[in-house]
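Here are the chains, one letter per residue:
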Amino acid sequence: MTSPAVSSRDLPHPVRDEIRLEGVLHALSDPMRLRIVRELAAASGELSCSHFDLPVTKSTTTHHFRVLRESGVIRQVYRGTAKMNGLRRDDLDELFPGLMDALLDAAGRQAVRGG
């Protein structure tokens, strides 16, 4: 039996056991990446890259999404021509119980303070 061909549009993601706390914390240490994660956490489903209106260049935005994906914080998949993004909440909650809730709560409180 042969395995299915891998599309050039398949994006590499770490499996759950490869997700490391230090990688997640590094990914979330950047204000733009934290903003992306907050928007994804508030969404009811996946959001396309074009949904995000970040005050950075397109190449910098691409870099931020790659860091989030490679750290295991988000999953990216192509749906037609759109690259869709979803928070890997189940994986993160299983590995680090309470971490995402605490980080999102703290980020929300900081945003209210104007930080």
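Analysis parameters
Residues numbered from 1 in each chain as written. Predicted model: local features only at pLDDT ≥ 70, side-chain atom pairs only at ≥ 80, totals over all residues. Heavy atoms only, no water. pLDDT = per-residue confidence, 0-100. Contact = heavy atoms within 4.5 Å. Salt bridge = Lys/Arg side-chain N within 4 Å of Asp/Glu carboxyl O. Buried < 20%, exposed > 50% of the residue type's maximum accessible area, 1.4 Å probe, protein only. Helix = DSSP H or I, 4+ residues; strand = E, 2+ residues; numbered from the N terminus.

**Things to note about the confidence of the model for the protein**
Okay, so step 1: Summing up the model confidence of the protein, the mean pLDDT is 91 and the portion of residues at 70 or higher is 92%.
Okay, so step 2: Counting contacts from residues 1–6, a segment whose pLDDT is below 50, to residues more than four positions away or on other chains yields 0 contacts.

**Here we look at the pattern of salt bridges**
Okay, so step 1: According to the stated counting rule, one finds 8 salt bridges in the structure shown.
Okay, so step 2: Ionic pairing is found between D91 and R88, a salt bridge with its closest N-O pair at 2.8 Å. Across the pair, R88 and D91 agree in class, each one buried.
Okay, so step 3: The salt bridge partner of R89 is D101, with a shortest N-O separation of 2.1 Å. With R89 in helix α4 (residues 89–95) and D101 in helix α5 (residues 99–113), this pair connects stretches of sequence that are 12 residues apart.
Okay, so step 4: Residue classification places R89 among the partly exposed positions, given a relative accessible area of 23%.
Okay, so step 5: One network of salt bridges, with partners in common, ties together R16, R88 and D91.

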